[in-house]
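A look at the structure
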Amino acid sequence: MQAAIKARVEKKEGSKSSISHRTFQINVANQLVPSELIGDKSNQQALISGWARLVTRLAVVSDEIATQQQQTIPETSYDELVSSPSPELIRRIRQCGSVVIHGTVPQNQVAMSFLILPKALKWLEETKEYIKLNPRVKGFPEDDKQVYEVYWSKPQQEARSHPQMIKTQAALLGIFTAPPQCQVSLTTPLVYADRLRIRTPGDATFALGPHMDGGSIERWEDLSYRKVYEKILQGRWEEFDAWDIENRTNAIQDLYPGPGSTGVFRSWQGWTSLSETGPNEGTLLVYPFIKEHTAYLLMRPLFKPKHERSEFKDDKDFLAPDNWELDFESTNFPGSPPYRNQELNDETHPHLELLRTMVRMPKVYPGDSVWWHSDVIHAVESKHQGKIPASVFYIPAVALTARNAEYIRDQRATFHSGRPAPDFPGGTGESDFVSRGTGDDLLTVEGREGMGLVPFQLTDGLSEGELQVRKAANAILGF
Ligand SMILES: [Fe+2]
């Protein structure tokens, strides 16, 4: 049953701060069951043939990933990405959904006291100093912190607003497409204040299994979000474009706000490395074919196996298209409970063969960055087997939309008070910390705009949609 309801979302301690009491209109399909998405006879036929093509393709992709490993993840340099990305590089990024950018912040040397350090290492040293100066800092796990609840240190402010960071984010946002009238600006990255990790060798506490951010059941339940995946739900998954941003700007990703959820559309998740970190050293893993895994995730609840896995000697026979049929009875969306991000494993999503298809990030050095599209399945290695701490600043790339501007307005208030950013656990945060960052630590005008400290410029040459969204954002921010 379709119903339009007015929802008031109160963010809870432990998931989001109490500062954001957002009110918005949600079109929600109450108690949605998978069979409602299966449609009429013609859609059923399209789904059946699309599913057969998809699982055949996934078997090929699994072999390719298992053989090629890190080579499935495109790597580039800051200079290439920003000045002259080849069509082949863009094609590979669009196919994979993730990318490593070497030298995102310069490798040139910066003097610090008597030490000469690359900029990213200087940021790490300053971060450690900030933590030392403020021993009440919170983190996870409490007794051996790996992820710190630090949002407002000077080096984080510098990193988020560094001119090369801004240009990198704009180049990445430019891989998305939007029609001219769409109210989004892909040339205006916002500053999203996230935490940092200093993962010590041997740590096995900060492991995360395969998951997708951006909510779970919302992908089917919120009608705008569902529209993003319309082609897939019509069985025409090959025509699905993960990079078309139009419907994503209105999608509600947090119908059920819980830990890790956000109302912000983070077009790219990302981190900037402050250390040399390679495979098995506590790094990120991704599934490197975004179209295929997204199509599978969306279609999976609509199908069930005719015979269970235990009935076959060979897994290939269990996974074969002729062992699967449309499921008109199920009430379940596998791995998609409300209030959580989408989870996937080898039981719930067997055709992804996640045990052999989640690929570790290639080796990175201080100043390199790693990015993954908001739909990409990702995980964190269960154990850090390296010799030095694997350290990163979490810095995503967030496009300007009206909804994202509302978040920036709320985030600006937390910045001024030193409290945690609105998407994160509340409390006093860094409000009484020594040596906290200020607006003066933002290195660029784009950084100050992205933080909502100055109005967005209404320059010549903007598309109609970009101009409108900048004006709307300035009004939301009180300029
Ligand atoms: Fe995640």
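Located above this text is the structure these notes cover.
The following paragraphs examine the structure supplied in this document. (Residues numbered from 1 in each chain as written. Predicted model: local features only at pLDDT ≥ 70, side-chain atom pairs only at ≥ 80, totals over all residues. Heavy atoms only, no water.)

Concerning the sheet that holds strand 7 (residues 139-140)
Taken together, the eight strands give an open sheet; going across it, the order is 3-4-18-12-20-10-8-7, and neighbouring strands pair in mixed fashion. If you trace the sheet from one side to the other, it starts and ends with strand 3 (75-77) and strand 7, each paired once. As judged from the three bridges shared by strand 12 (residues 268-273) and strand 20 (residues 390-394), these two strands associate in the antiparallel manner. What sits directly across from T272, in strand 20, is F393. Those strands touched by helix 3 (residues 87-96) are strand 3, strand 4 (98-102) and strand 12, and its axis lies near 130 degrees from that of strand 4. (Pairing = 2+ DSSP bridges. Helix = DSSP H or I, 4+ residues; strand = E, 2+ residues; numbered from the N terminus. Contact = heavy atoms within 4.5 Å. Axes fitted to C-alpha atoms, helices over the stretch in contact; angles between N-to-C directions.)

So, the coordination of the iron ion
Geometry reference: four tetrahedral donors at a metal, ideal angle 109.5 degrees. Six octahedral donors, ideal angles 90 or 180 degrees. Donor atoms from the polypeptide that coordinate the iron ion comprise H211 (NE2), D213 (OD), D213 (OD) and H378 (NE2), at 2.2 to 2.7 Å from the metal. Coordination at the iron ion comes from four donor atoms whose angles at the metal span 50 to 130 degrees, giving a geometry best classed as irregular. Taken in chain order, the donor set of the iron ion reads H-x1-D-x164-H. Of this pair, H211 sits in strand 11 (residues 208-212) while H378 sits in strand 19 (residues 378-380), and the two are 167 residues apart along the sequence. (Donors = N, O, S within 2.8 Å, 3.2 Å for Na, K, Ca; no water. Tetrahedral: all angles 85-135°; square planar, octahedral: opposite > 155°, others 65-115°.)

Points about the sheet that holds strand 17 (residues 359-360)
Taken in spatial order, the five strands make up an open sheet running 16-11-19-13-17, and their pairing is antiparallel. Each end of this open sheet is capped by a strand with a single partner; those strands are strand 16 (342-343) and strand 17. Of the strand pairs in this sheet, strand 13 (residues 284-286) and strand 17 are connected by two bridges, and their pairing is antiparallel. Note that in strand 17 the partner of V286 across the bridge is V359.

A closer look at the packing of aromatic side chains
The geometry of an aromatic ring pair is captured by two quantities: the separation of the ring centres and the angle between the planes. One pass over the structure, following the stated rule, counts 19 aromatic pairs. For the pair W51 and W324, a centre-to-centre distance of 5.8 Å together with 45 degrees between the ring planes defines the contact as tilted. With W51 in helix 1 (residues 41-68) and W324 in strand 15 (residues 324-326), the pair connects residues that are 273 residues apart, well separated along the chain. Just as W51 is buried, W324 falls in that class too. Where W220 meets F333, the ring centres are 5.0 Å apart and the plane angle is 50 degrees; that geometry is what we call tilted. Placement of W220 in helix 7 (residues 218-221) and of F333 in the loop between strand 15 and strand 16 is noted, with a sequence separation of 113 residues between them. (Phe/Tyr/Trp six-rings, centres within 6.5 Å; stacked < 30°, edge-to-face > 60°. Buried < 20%, exposed > 50% of the residue type's maximum accessible area, 1.4 Å probe, protein only.)

Overview of the packing of helix 1 against helix 10 (residues 290-299)
The packing of two helices is summarised by the inter-axis angle and the distance between the axes. At a minimum axis separation of 10 Å, helix 1 and helix 10 run at an interaxial angle of 135 degrees. With respect to helix 10, the element helix 1 is oriented oblique. Crossing angle aside, the handedness with which helix 1 passes helix 10 is left-handed. Seen from helix 1, the contacting residues are L47, G50, W51, L54, R57, L58 and V61; seen from helix 10, they are E292, A295, Y296 and M299. Here the contact of helix 1 with helix 10 is composed, by residue class, of eight nonpolar, one polar and two charged. (Parallel < 35°, antiparallel > 145°, perpendicular 65-115°, else oblique. Left-handed = near helix turned anticlockwise from the far one by under 90°. Nonpolar A, V, L, I, M, F, W, Y, C, P; charged D, E, K, R; others polar.)

What to know about the pairing of strand 9 (residues 185-190)
The element strand 9 is extensively covered by neighbouring structure, given that five of its six residues are classed as buried. In the sheet, strand 9 pairs with strand 21 (residues 398-400) via two bridges, with the strands oriented antiparallel. Paired with L190 across the bridge in strand 21 is V398.

Observations concerning the environment of I290
Inspection of the secondary structure assignment puts I290 in helix 10. Given a relative accessible area of 1%, I290 falls into the buried group. For I290 and D375, which are 85 residues apart along the polypeptide, the C-alpha to C-alpha distance reads 7.4 Å. Those residues within four positions of I290 in sequence are excluded, and the remaining contacts are R94, Q95, C96, G97, A242, W243, H373, D375 and V376.

A look at the pattern of salt bridges
Side chains that differ in charge, positive against negative, can pair when their charged atoms come close. Summed over the entire model, instances satisfying the criterion amount to 25 salt bridges. The salt bridge involving E292 is made with R57; its shortest N-O contact spans 2.9 Å. With E292 in helix 10 and R57 in helix 1, this pair connects stretches of sequence that are 235 residues apart. Under the relative-accessibility criterion, E292 is labelled buried at 7%. As a salt-bridge pair, E158 and K122 come within 3.9 Å of each other at their nearest N and O atoms. Of the two residues, E158 sits in helix 5 (residues 154-161) while K122 sits in helix 4 (residues 119-133), which places them 36 residues apart along the sequence. With respect to burial, E158 and K122 carry one shared label: buried. A single network of salt bridges, built from pairs that share partners, joins E149, D194, R195 and R266. (Salt bridge = Lys/Arg side-chain N within 4 Å of Asp/Glu carboxyl O.)

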